[in-house]
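Remarks on the overall topology
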Amino acid sequence: MFSDEGIGVHLCKLLEKNYTFRSDTHTITFIDGGTLAMQLIPIIVKYDYVIVIDCIDAKDGNIGDVYFFDYDDMPKKINWSGSAHEVEMLQTLQYMELMGDIPKTKIVGIIPKRIVPLSFEISSEIKDGVNLAQKTILKYLKDEFKFDIIKKDNKNIQDIANLFSKGEL
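In the annotation of an unreviewed UniProt entry, the chain is listed under the name Hydrogenase maturation protease HydD and assigned to Campylobacter sputorum subsp. sputorum.

Quick look at the structure:
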């Protein structure tokens, strides 16, 4: 609902809608965490591996830049301030780490262009970033977990945002 700031939710839904993931040893679950942050802890702890997709900010980064890193090796130039979350996902993961109950976590972060209340229009820079983020996630799932990935639809990120705005997702 905040234009580019909703990219984590929309990219999660895009992957879920556009692909089927098959593996003999792993399963995958897509969870729209929205702005829940701390309320996601009981869900997150059930998993061995987690990929968090969210907006971030990065010193010297540009709008639409995509970052992919291990939570344990987060670059110092990354922060998650300025989003619609009441408590940032970074704070939630840090809390889980302090409690000793955090799964192996990867972060996919995209720098947003605009955060406009009650807008579902995605900027062109973010659309370009989404393509790179999508390829990065698919490659990681294929290489790391040996998922067979089958394309089943061809929705783009704006299609997903529009469906979300209509309550169809």
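On we go.
**Let's talk about the overall build of the chain**
The helix and strand inventory of the chain stands at five helices and seven strands. The linear arrangement of helices and strands in the chain, starting from the amino end, is α-β-α-β-β-β-β-α-β-α-β-α. Overall, the C-alpha framework of the chain stretches about 35 × 35 × 30 Å when taken along its three principal axes. Counting over 169 residues, the chain shows a buried share of 43%.

**Focus: helix α5 (residues 157-165)**
Of all the residues in α5, the buried ones are I157, Q158, I160 and A161. The buried residues of α5 occupy an angular sector of 160° when projected down its axis, which confines them to one face. On its buried face, α5 sits against α1 (7-18) and α4 (124-145). Capping of α5 at its N-terminal end is provided by N156; its side-chain oxygen lies 2.9 Å from the backbone amide nitrogen of Q158. The first or second residue beyond α5 is G167, which carries a positive phi of 75°.

**Here's the deal with the environment of L132**
Within the secondary structure, L132 is located in helix α4. Linking L132 and V66, residues 66 residues apart in sequence, is a C-alpha distance of 7.1 Å.

**Overview of the sheet that holds strand β6 (residues 104-110)**
Sheet strands line up and pair through hydrogen bonds in the backbone, either parallel or antiparallel. Taken in spatial order, the three strands line up as β2-β6-β4 in an open sheet, and their pairing is mixed. Whereas interior strands pair on both sides, the edge strands pair on one side only; in this sheet they are β2 (49-55) and β4 (66-70). Shown here is a sheet whose adjacent strand axes are inclined to one another by a mean of 15°, direction ignored. Judged from the seven bridges that link them, β2 and β6 form a sheet pairing that is parallel. Each residue of the ladder has a partner; that of I53, found in β6, is V108. α1 contacts β2 and β6 of the sheet and is inclined by roughly 130° relative to β2. On the sheet, α4 packs against β2, β4 and β6 and is oriented at approximately 160° with respect to β6.

**Looking at the pairing of β4**
Most of β4 is tucked away, with four of its five residues classed as buried. Inspection of the sheet shows β4 paired to β6 by five bridges, in the antiparallel sense. For D70, the partnering residue across the bridge sits in β6 and is K106.

**As for the pattern of salt bridges**
Considering all chains together, one arrives at six salt bridges under this definition. E125 is the partner of K113 in a salt bridge, and the nearest nitrogen-oxygen pair spans 3.4 Å. In this pair, K113 is assigned in the loop between β6 and α4 and E125 in helix α4, connecting sequence segments twelve residues apart. Judged by its relative accessible area of 26%, E125 is partly exposed. Each of D70, K104 and K106 takes part in salt bridges that share partners, so that together they form one network.

The rules we used
- Per chain, residues are indexed from 1 in the order of the written sequence.
- The predicted origin of the model limits local features to residues at a pLDDT of at least 70 and limits the giving and counting of side-chain atom pairs to 80 or more, whereas totals for whole chains, interfaces and linings rest on all residues.
- Hydrogens are left out, water is left out, and the side-chain values use all remaining heavy atoms of the structure.
- Under the scheme used here, helices are H or I runs from DSSP no shorter than 4 residues and strands are E runs no shorter than 2 residues, and both carry numbers assigned from the N terminus.
- For each residue, the accessible area found with a 1.4 Å probe, counting protein chains only, is set against the maximum for its type, and the residue is called buried under 20%, exposed over 50%, and partly exposed in between.
- In this description, the arc belongs to the directions extending from the helix axis to the C-beta atoms.
- Contact between two residues is taken to exist if any of their heavy atoms lie within 4.5 Å; hydrogens are not considered.
- Any N or O atom pair separated by 3.5 Å or less is treated as a polar contact, with the protein-specific requirement of one donor-capable and one acceptor-capable atom, and with residues adjacent in sequence counted only for side-chain atom pairs.
- DSSP bridges decide pairing: two strands pair if at least two such bridges lie between them.
- Helix axes are fitted to C-alpha atoms over the stretch in contact, other axes to C-alpha atoms as well, and angles between N-to-C directions run from 0 to 180 degrees.
- Whenever Lys or Arg places a side-chain nitrogen within 4 Å of a carboxyl oxygen from Asp or Glu, that contact is recorded as a salt bridge.

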